[in-house]
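Per-entry structural report
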Amino acid sequence: MTTPLTSRFPYAKGPDGSRRLGYGADYNPEQWTREVWEEDVRLMREAGVNVVSLAIFSWARLQPTADTWDFGWLDEVMDLLHAGGIGVDLATATASPPPWLTTAHPEILPVTASGETVWPGARQHWRPTSPVFRAHALRLVREMATRYAGHPALVAWHVNNELGCHNIHDYSDDAARAFRAWLRARYTTLDGLNHAWGTAFWSQRYSDWEQLLPPRLAASHPNPTQQLDFKRFSSHALKEYLCAERDVLREITPDVPVTTNFMVMGGTKGMDYADWAGSGAVDFVANDHYVVPGPQDRDELSFSANLTSALADHRPWFLMEHSTSAVNWQPVNLAKRPGDLARDSLLHVAHGADAVCFFQWRQSAAGAEKYHSAMVPHAGPDSEVFRAAAGLGRTLSVLAPVAGTVREPARVAVLFDWESWWASEQDSHPTSLLDYRQEALDWYSALLAVGVRADIITTRTGLETYDVVIAPVLHMVPATLAKDLTRYAEGGGHLVTTYFSGVVDENDHIWLGGHPGALRELLGIRVEEFGPLLGDDSADLDNSTTGTVWTDRITVTEPDVRVLARYRTGAYAGRPAVTRRTTGSGSATYVSTRLGRAGLASLLPELLTAAGVESELPEAARGRVELAVRRSADARFLFLVNRTDAPVPLPGVRGEVLTGDVGTEGELVLPPREIAVLRRPLTT
Ligand code: GAL
């Protein structure tokens, strides 16, 4: 894959000039007095902090009125940090427009699908497409860049903050205008648009571009392609805004790399980060991740970090935010258990993060996030959290040799695609119970359960290096993607796909002639009718697994298809449930129901064995330990993560122990929830 991502990573440097892993937090000194700033820098040094993100929510302080600026305090903080040897990832401060701006220009406020104004009072209350907002924001960006160009503390620019966290879908008149322009560029003619949107249906034919609107609150289901295009447009509009800030920064400080913090985590789905990163919107990828406690919480962390690595083209990326302990925005905000602070951070490093930062440095005394954890909690530095944070600082400094290494590709990949995520979960579908990301995560959990390392990849990643590519619910398959997948399987790759895949093209039109249209020939099967299941319904298979959510009425159409499992119960009892077609030296497998992580874990060995893929872990550690590998020119770095609450022996695993309390004599044993990092020269 070629990507314009320049990956100019802002490495911290050790005393000898060598690269160090970055460590720090969002720093919000505007919430504190000057005496506290001095203590902050002292404690940062104690904790091993070498980079902070600064001024993210400082607009109102930096520009108190339309015509006045107050940079003195920020100058002082920048100088203090620099004197303390701490680099600054400086925010452009545009994330939360000040009250004077929204009062003078209420037309910058976003509007919901039902026409309600999103009022100020929280943050990110701005329309991505507002020319007025953009003019004010870019003026601030220019001021910031001009003032701090050449400041020795400045190591990177942090555009805005979590773009799209609260304002991804704006239905205002500004958005409508920009949406029309985007549609004109995409379709050129109204005939093209009418065809793509299928407007022969429900008398929706457009005869003038001005008639086009965002999918605002409608009497029934709005046109599906209109909805899909609005999702594409909304992601594009924010990317375009990001690029507008970036271009000002590049003009004034061409040598300072620019990033923004993505939110590859959980159900955050509005921003197509494969597009953002792949089209070079940032100089290096940065991500925020928060654990939502649950049975797959650490698998989800690993999945997100792994996907972030794919966005970064497997080069190092920056973990911009995660939490030392509880957050404030979940229904119940659990404190992390001892050890989790370090384990969570190092799991990101295992998947390619070369900097690990928290939200935030010092826990706020006021405001909506006063119960959100930080590196320095309300209790002060004499606390377990601060001691754990300082301990992590020491570990990261020991792991300096890992900085700048890349992730070693796995043999198995799980394909994750924003377009299929958006399209598969639209309304007026066979079921509203389908959860795209959960299906992908379940496959990943199943791979972890059988101890097989896998990469999460996007449709921009080349497939050829993988022995097995699993493409769950790959719903939207344009002709070119169908060709790539067919070439992959015919060239010896083993493709696995699932229910509701290959059903529509890029316009969300059905591939006719039977499902899964775009992949029907490759899979050698034909589905005449979908069989979604009610929430509490299930169908047993004859391989001792159970399907939920979905079933398919499958007819095998090619002689070289083997039925790997049949339905034993339900409407399709006796019919195929899992099929595999051999294609030259490769194969194409179809799983027609949701098996869940346990069911998938029992199916996977058969699929992996066919591809000659085995676990790299000793038998005793499979499923209990996650393995991730980074490599330099002369060494491999094995990250071994105990996924359980019990010690796990690692018979036969050797290497120089860089970190991890695994013992040194004889067989290594990984304590509960511990991460160990081993270095092995490449020659052995
Ligand atoms: C992020 C945000 C931070 C902080 C954090 C709390 O969404 O970027 O500013 O709000 O969440 O978890």
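Worth saying up front: this structure is predicted, and the values here are computed from it rather than measured.

Calculation rules
Residues numbered from 1 in each chain as written. Predicted model: local features only at pLDDT ≥ 70, side-chain atom pairs only at ≥ 80, totals over all residues. Heavy atoms only, no water. Helix = DSSP H or I, 4+ residues; strand = E, 2+ residues; numbered from the N terminus. Contact = heavy atoms within 4.5 Å. Expected span 1.5 Å × (residues − 1). Buried < 20%, exposed > 50% of the residue type's maximum accessible area, 1.4 Å probe, protein only. Polar contact = N/O pair within 3.5 Å; in protein donor to acceptor, adjacent residues only side chain to side chain. Pairing = 2+ DSSP bridges. Axes fitted to C-alpha atoms, helices over the stretch in contact; angles between N-to-C directions. Parallel < 35°, antiparallel > 145°, perpendicular 65-115°, else oblique. Left-handed = near helix turned anticlockwise from the far one by under 90°. Nonpolar A, V, L, I, M, F, W, Y, C, P; charged D, E, K, R; others polar. Near = heavy atom within 4 Å. Domains from an automatic or database assignment. Buried area = accessible area lost by both parts, 1.4 Å probe. Salt bridge = Lys/Arg side-chain N within 4 Å of Asp/Glu carboxyl O. Phe/Tyr/Trp six-rings, centres within 6.5 Å; stacked < 30°, edge-to-face > 60°. Lys NZ or Arg CZ within 6 Å of the ring centre and 35° of its normal.

Looking at the environment of alanine 149
Examined against the element boundaries, alanine 149 turns out to sit in the loop between helix 5 (131-148) and strand 6 (154-158). Residues alanine 149 and alanine 539, spaced 390 residues apart in sequence, show a C-alpha to C-alpha distance of 63 Å. Discounting chain neighbours no more than four positions away, the residues touching alanine 149 are Ile252 and Thr253.

Concerning helix 6 (residues 173-187)
Here helix 6 is 15 residues long and its end C-alpha atoms lie 21 Å apart, about the 21 Å a rise of 1.5 Å per residue gives. Listed as buried for helix 6 are Asp174, Ala175, Ala176, Phe179, Arg180, Trp182, Leu183 and Tyr187. Residues of helix 6 that are buried in the fold lie against helix 5, helix 7 (190-197) and helix 8 (224-252). Sitting at the amino-terminal end of helix 6 is serine 172, which places a side-chain oxygen 3.4 Å from the backbone nitrogen of aspartate 174. Threonine 188 occupies a position one or two residues after helix 6 and carries a positive phi of about 65°.

A short note on the sheet that holds strand 4 (residues 51-54)
Pairing is parallel across the open sheet formed by nine strands, whose spatial order is 7-6-5-4-3-11-10-9-8. On the outer flanks of this sheet lie strand 7 (258-259) and strand 8 (261-262), each paired with one strand and no other. Of the pairings in the sheet, the one linking strand 10 (residues 317-321) to strand 11 (residues 353-358) comprises three bridges and is parallel in character. Bridging across to strand 11, leucine 319 finds its partner in valine 356. Helix-sheet contacts for helix 5 involve strand 5 (87-91) and strand 6, and the interaxial angle to strand 6 is about 175°. Against the sheet, helix 11 (residues 340-350) makes contact with strand 10 and strand 11, and its axis sits at roughly 145° relative to strand 11, the strand it touches most.

Some words on the packing of helix 3 (residues 72-83) against helix 5
Relative to each other, helix 3 and helix 5 sit at 45°, their axes nearing to 12 Å. Put simply, helix 3 runs oblique to helix 5. Here helix 3 and helix 5 pass one another in a crossing that is right-handed. Across from Leu74, Asp75 and Met78 in helix 3, the residues of helix 5 making contact are Met144, Arg147 and Tyr148. A breakdown of the residues in the contact of helix 3 with helix 5 according to their chemical character gives four nonpolar, no polar and two charged.

Thoughts on the site of the ligand
Taken together, Phe57, Arg123, Asn161, Glu162, Asp288, Tyr290, Glu321, Trp329, Phe359, Glu369 and His372 make up all the residues around the ligand. One of the side-chain nitrogen or oxygen atoms of asparagine 161 is found 2.8 Å away from an oxygen atom of the ligand. Measuring from an oxygen atom of the ligand, one finds a side-chain N or O atom of glutamate 369 at 2.2 Å.

Points about the domain arrangement of the protein
Taken domain by domain, the protein consists of domain 1 (5-170 + 235-405), domain 2 (412-610) and domain 3 (623-681). Computed from C-alpha atoms alone, the centre-to-centre distance between domain 1 and domain 3 is 31 Å. Across the boundary between the two partners, domain 1 contributes 22 residues, which contact 17 residues of domain 3. Sorting the residues of domain 1 by area buried against domain 3 places Arg343, Ala350 and Thr405 first, and these three jointly supply 35% of that buried surface. A salt bridge links arginine 337 to aspartate 645, with the nearest nitrogen and oxygen atoms 3.4 Å apart. On inspection of domain 1 and its partner domain 3, the count reaches eleven residue pairs in polar contact (both at pLDDT 80 or more). Broken down by secondary-structure element, the contributors of at least two residues to the side of domain 1 that touches domain 3 are helix 10 (297-311), helix 11, strand 11 and helix 12 (384-398). Per-element tally for the side of domain 1 that touches domain 3: the top contributor is helix 11, with six residues.

With respect to the packing of aromatic side chains
Throughout the structure, instances matching the rule amount to 37 aromatic pairs. Each ring, one from tyrosine 23 and one from phenylalanine 358, has its centre 6.2 Å from the other, and the planes form 75°; the classification is edge-to-face. In this pair, tyrosine 23 sits in strand 3 (residues 22-27) while phenylalanine 358 sits in strand 11, placing the two residues 335 residues apart along the sequence. On the basis of relative accessibility, which here comes to 1%, the residue tyrosine 23 falls in the buried class. Using a relative accessible area of 0% as the deciding quantity, one classes phenylalanine 358 as buried. Judged by centre distance (6.4 Å) and plane angle (80°), the ring pair of tryptophan 361 and phenylalanine 386 falls under edge-to-face. Of the two residues, tryptophan 361 is situated in the loop between strand 11 and helix 12 and phenylalanine 386 in helix 12; the sequence distance between them amounts to 25 residues. The class of phenylalanine 386 is buried, set by a relative accessible area of 3%. By way of ring pairs, the aromatic residues Phe262, Tyr273, Trp276, Phe303, Phe416, Trp418, Trp421, Tyr436 and Tyr444 are connected into one cluster. When the ring centre of tryptophan 73 is taken as reference, the NZ or CZ atom of arginine 61 above it lies at 4.8 Å. Stacked on the ring of tryptophan 32, the Lys or Arg arginine 362 has its end atom at 5.6 Å from the ring centre.

Focus: the environment of histidine 151
Among the secondary structure elements, histidine 151 is positioned in the loop between helix 5 and strand 6. The spacing of histidine 151 and aspartate 75 is 76 residues in sequence and 9.3 Å in space, taken between C-alpha atoms. Residues contacting histidine 151, with those up to four places away along its chain left out, are Met78, Asp79 and His82. Polar contacts involving the side chain of histidine 151 include one to the side chain of aspartate 79, which spans 2.7 Å.

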